[in-house]
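Given next are the chains, with one letter for each unit.
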Amino acid sequence: MQLALSPEDQAFRAEMREFFTTKVPEEIRTKVLEGRELTKEEIASSMKLLDDHDLAVPHWPEEWGGRGWTELQKHLYHEEMQAAGCPVPLAFNASMIGPVIAHFGSQEMKERFLPKTKSCEIWWSQGFSEPDAGSDLASLRTSAVRDGDDWIVNGQKTWTTLGQHGDWIFTLVRTDPEVKKQAGISMLLIDMRSPGLTVRPIELIDGGHEVNEVWFEDVRVPGENLVGEPGQGWTMAKFLLGNERVGVAPVGATKAALARAKKLAPERLTEPLVAARVAELENELLALELTALRVVAHSADGEPHPASSVLKLKGTELQQAVSELLVDLAGPGSLASGAGALEGDGGEGLPDWTSRVAPTYLNFRKASIYGGSNEVQRQIISRTILGL
Amino acid sequence: MDFSYDDEQDALRDAVRGLLGKAYSDFEQRRQTTKADPGFSEEVWSQMAEMGLLGLPFAEEDGGVGAGPVEVAIVCQEIGRVIAPEPFLHAVVLAGGLVQACGTPEQRQEVLGALASGERLLALAHDEPGSRWAPTASAVTATQDGDSWTLSGTKEPVVQGARADQLVVSAKLPDGGTGLFLVVGETCERTGYPTYDGGRAARVRFDATPATPLGEPGRDLAGSIALIQDLGRIMAANTAIGAMEVALRTTCGYLTSRKQFGVTLNTFQALTFRAADMYVSLELATSVVQWATMVLSSGDPARVHDAAARAGLQASRAARHVGQEAIQLHGGIGMTAEYSVGSYTAVLTALDHLLGDGDHHLVTLADAVAEHDAIDPLAVG
Ligand SMILES: Cc1cc2nc3c(=O)[nH]c(=O)nc-3n(C[C@H](O)[C@H](O)[C@H](O)COP(=O)(O)OP(=O)(O)OC[C@H]3O[C@@H](n4cnc5c(N)ncnc54)[C@H](O)[C@@H]3O)c2cc1C
């Protein structure tokens, strides 16, 4: 055990901090830190910028753009990135389909997709969930049927995050209805401009449009777009969801949000109840961050440690708790969600930040639902770790 | 102590449920209504006027019905059940309540009569940027010139401030203290916007805007504002109770119909126990809120203040618990604007921050723990 960073790691951290705080446009970083929505271009250009400096996918195999860093270095990279407000690389590309293709795809598929995936030239969407296949993902019904060398896809995916921006969608499809549920699933990469594919928006409770339904009507997909072998989809899905679990716990971003809350309402910190609440959150975040460090130190072969479920569960709860604190700090002003769109800063009106806190609070209720719901995480902990 | 409602009160509940339940029987109707300005149905508002609801708490000589807090609470609960977007709490309980409490007999007759008939919509302009539910005003100041008064400064957020025909505005008086003024809606600069609970609010700017003092000119009315805030807290909590009841019922309905893993979700005790916990929260909050509603009838400001904080605290904690779990137990569908529970959670969040959140009430109560031994809910006077 050792507390201090080695001189090399200190230098590494300084290098990361320098990069994120000086090379990434301040305008974008401010937007991230203030919790504003980024445009497609802002997300894509930030990832491209990172990729230009080999910083978009350091955890990938080195052959495909990875950096061979230690787990501690990866952690420092993430922390510095989020503290600076640099947009994190698009998760669908960097932590979901990229590693799957790198691990399971053919050489040809890797060459075709990985470079454009890490530079965000392709924007990926995740087509897993269906109306009747949420937690019970293996019961999915979207079907892919052979037609010569091609697959013909029919069915519906839903909750597709940012599908309105998607160029390609990685899907789980049923290629064999005869075998056991899990064994009949395959992973298919589908061009979202294919005829027969329709994207329809879903409005969320904060009024935003971030998820979609994706419909497939006799969509023809070339056989070469199947990842690995038919029937391997479930294995890939588990591999991917394990990575998602780790990626979805935004320790750094939540820390930054809490630090910002203190800056926005400094006069409130002398109130015992407010101070106690902040102190408790800070301590829980500390425990989470240390757990992240301790857990990654033990993960082998890129297989997520089962305790990564602790990170997902607690990480999303803390993210939600901080968003709730911000609504309370804004107090009566939190009602004014529509005021952000008013011309100018209003002068004597409410400060701009108060208009975003309530929609953000409502929006983050999603965090305990997606990425494997928090009930599913409890199940993983109780079954896999505790053997119950 | 008796928690039961009498026949007339049951009849009132049935009538209100008949009206609002019909107007918003389908959640889609509420959604469409809140999408377009002014965020509520003018038609439902006039039906509420016809039923006497908009004058319910006011004296008969002022054009009201002269009903008590229990009746007003019943209306609030029913509004909560369908999360009706009509601004009953803001226009009738708060703005109207202040006119009733502070207005001259002529003002009461004129303003409350017009409110009760549905002819005039009132809004309360009291919150100011930076204020936190204080009964005083500081950003808007009143200036006197002979018999005429003007106001300057900004109020925000003012619920239904852009649509309102007349505003009841709190302002700092020249000699200190907080006065109340009536202002014609059109005479101030109002910028309206939608709020996340489906309602509307506005930034309202006064710039030497002519205003009529409510009641005797120059009097400090902070005490009356505080009393109406306490009344509002208890009525907001009643509204929340109604909303929580339906959010819980909707959640139970979903658990028994949604299938995953080949079975309905109520097969999983991990979920049904969570619904049971929601029920516990709701029952406890209902008891405190109904008790506080009875305390209102006592009319003792100190007791009402204490009861409002207790009801506010209990309702706030319950509303967060029930609202958050209602979404969680639904999964993704609970996050959508099309499905009802998310909007229930939004309304519960807005009610929670209307007149003080749970921690705000906790501070009020914590300040006083050394002043009593055990709490006796039955103590009178
Ligand atoms: C904002 C948002 C974005 C999303 N983005 C994507 C995306 O980009 N791509 C994609 O494929 N999917 C996405 N999802 C879908 C997400 O993965 C699912 O919502 C999630 O898997 C839950 O499924 P469900 O919504 O059908 O809920 P259900 O599975 O119906 O669950 C309802 C409730 O029951 C609980 N539950 C279910 N089974 C059990 C059990 N056995 N034991 C105990 N509790 C149980 C759940 O935890 C939940 O609380 C997104 C979801 C949201 C809300």
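What you see is a predicted model; the values in this text were computed from it and never measured. Once a new chain begins, its residue numbering starts again from 1 and follows that chain's sequence as written. Following the order in which they are written, the chains are lettered starting with A and the ligands numbered starting with 1. Confidence filtering applies because this is a predicted model: local features only for residues at pLDDT of at least 70, side-chain atom pairs given and counted only at 80 or more, and all residues used for totals across whole chains, interfaces and linings. Based on all heavy atoms of the structure, the side-chain values leave hydrogens and waters out of the count.

The next subject is the interface of chain A and chain B. Contacts are assigned to residue pairs with any non-hydrogen atoms lying within 4.5 Å of each other. Counting residues at the interface gives 46 residues for chain A and 49 residues for chain B. The term buried area means the drop in 1.4 Å probe accessible area that two parts suffer when joined, counted for both and summed. Three residues, Ile-205, Pro-332 and Leu-335 of chain A, lead the burial of chain A against chain B; their summed loss comes to 18% of the area buried on that side. We count a salt bridge whenever a side-chain nitrogen from Lys or Arg sits within 4 Å of a carboxyl oxygen from Asp or Glu. Summed over the shared surface of chain A and chain B, the result is 7 salt bridges. With its nearest N and O atoms 2.9 Å apart, the salt bridge here joins Arg-320 of chain B to Glu-324 of chain A. Counted as a polar contact is a pair of N or O atoms within 3.5 Å, where, for protein atoms, one must be capable of donating a hydrogen and the other of accepting one, and residues adjacent in sequence contribute only when both atoms are in side chains. Between the two partners, chain A and chain B, sit 24 residue pairs in polar contact (both at pLDDT 80 or more). Elements with a contribution of two residues or more to the side of chain A that touches chain B: helix H9 (272-296), helix H10 (308-330), helix H11 (354-363) and helix H12 (374-385) of chain A. Counting residues per element, the side of chain A that touches chain B draws most heavily on H10 of chain A, at 5 residues. Under the DSSP-based scheme used, a helix requires at least four consecutive residues in state H or I and a strand at least two consecutive residues in state E, with every element numbered from the N terminus.

Note on definitions. A residue lies near a molecule or strand when any single heavy atom of the residue is within 4 Å of it. Around the ligand, a shell composed of 27 residues is seen, among which Ser-135, Thr-161, Ser-373 and Glu-375 of chain A together with Gln-328 of chain B lie nearest. Residues near the ligand are shared among chains A and B, making this a multi-chain site. Take Phe-128 of chain A: an N or O atom from its main chain is 3.0 Å from an oxygen atom of the ligand. Trp-159 of chain A places a polar main-chain atom, nitrogen or oxygen, 2.8 Å from a nitrogen atom of the ligand. Note on areas: Shrake-Rupley with a 1.4 Å probe; residue coverage comes only from the protein chains shown. When the ligand is considered free in solution it has 960 Å² of accessible area, and contact with the protein chains removes 94% of it. Taken together, the elements giving at least two residues each to the shell around the ligand come down to H12 of chain A together with helix H9 (301-330) of chain B.

This part is about the UniProt feature "domain: Acyl-CoA dehydrogenase/oxidase N-terminal" (unreviewed entry) in chain A. The UniProt record annotates "domain: Acyl-CoA dehydrogenase/oxidase N-terminal" (unreviewed entry) at residues 6-118 of chain A. This span, residues 6-118 of chain A, is 68% helix and 0% strand, and a straight line between its end C-alpha atoms measures 30 Å. UniProt positions are given in the numbering used here, feature names are shortened, and annotations may be inferred rather than shown by experiment.

Our focus in this paragraph is a negative patch on the surface. A patch consists of residues exposed above 30% relative accessible area that lack any salt bridge, with like charges linked at up to 9 Å and nonpolar side chains (Val, Leu, Ile, Met, Phe, Trp, Tyr) linked at up to 5 Å. Residues counted as positive are Lys and Arg, residues counted as negative are Asp and Glu, and His and the chain ends are not counted. In plain terms, the charge of a residue is placed at NZ if it is Lys, CZ if Arg, CG if Asp and CD if Glu. A cluster of acidic side chains, namely Asp-6, Asp-7, Glu-8, Asp-10 and Asp-14 of chain B, defines a negative patch on the protein surface. Its place among the elements puts Asp-7 of chain B in helix H1 (residues 7-23).

With that settled, the discussion passes to the domain arrangement of chain B. Residue and element names in this part refer to chain B. In terms of domain boundaries, chain B breaks down into domain 1 (7-120), domain 2 (123-220) and domain 3 (223-370). How far each domain reaches was decided by an automatic or database domain assignment. Computed over C-alpha atoms only, the centres of domain 2 and domain 3 are separated by 30 Å. Counting from both sides, the interface comprises 10 residues of domain 2 and, opposite them, 14 residues of domain 3. In this assembly, domain 2 packs against domain 3 so that about 990 Å² is buried in total across both faces, 63% of it on carbon and sulfur atoms. Three residues, Trp-133, Pro-135 and Tyr-196, lead the burial of domain 2 against domain 3; their summed loss comes to 63% of the area buried on that side. For the pair domain 2 and domain 3, the interface holds 0 salt bridges. Classifying every residue of the side of domain 2 that touches domain 3 gives 5 nonpolar, 3 polar and 2 charged. Ten residues, namely Ala, Val, Leu, Ile, Met, Phe, Trp, Tyr, Cys and Pro, are considered nonpolar, four, namely Asp, Glu, Lys and Arg, are considered charged, and the remaining ones, Gly among them, are considered polar.

Residue and element names in this part refer to chain B. Simply put, an axis is a line fit to the C-alpha atoms, just over the touching stretch for a helix, and the angle between two N-to-C directions goes from 0 to 180 degrees. It is at 7 Å that the axes of helix H4 (residues 69-81) and helix H7 (residues 222-257) come closest, and there the two elements cross at 35°. As H4 runs across H7, the sense of the crossing is right-handed. Contacts between H4 and H7 involve Pro-69, Val-72, Ala-73, Cys-76, Gln-77, Ile-79, Gly-80 and Arg-81 from the former and Met-235, Asn-238, Thr-239, Gly-242, Ala-243, Glu-245, Val-246 and Arg-249 from the latter. When grouped by side-chain class, the residues that make up the contact of H4 with H7 number 8 nonpolar, 5 polar and 3 charged. Handedness of a helix crossing follows the sense of rotation of the near helix relative to the far helix, less than a right angle counterclockwise being left-handed and clockwise being right-handed.

All names here are of chain A. Accessible area is worked out with a 1.4 Å probe on protein chains only. A residue is then buried under 20% of its type maximum, exposed over 50%, and partly exposed in between. The buried count for strand S4 (residues 168-174) comes to 7 of 7 residues, which makes it a mostly enclosed element. Alternating residues of S4 divide into Trp-168, Phe-170, Leu-172 and Arg-174 and Ile-169, Thr-171 and Val-173, and every residue in both groups is buried. Judged from the 7 bridges that link them, S4 and strand S5 (residues 185-191) form a sheet pairing that is antiparallel. Across the sheet, residue Trp-168 finds its bridge partner in S5, namely Asp-191. Pairing between strands is defined by DSSP: at least two bridges between them are needed.

Right, let's get into the state of the cysteines. A pair of cysteine sulfur atoms is labelled a disulfide when the two atoms are within 2.5 Å. Taken as a whole and assessed by the stated rule, the structure comprises 0 disulfides over all chains. A disulfide-free cysteine, Cys-188 of chain B has its sulfur positioned 20 Å from the sulfur of Cys-102 of chain B, the nearest such atom.

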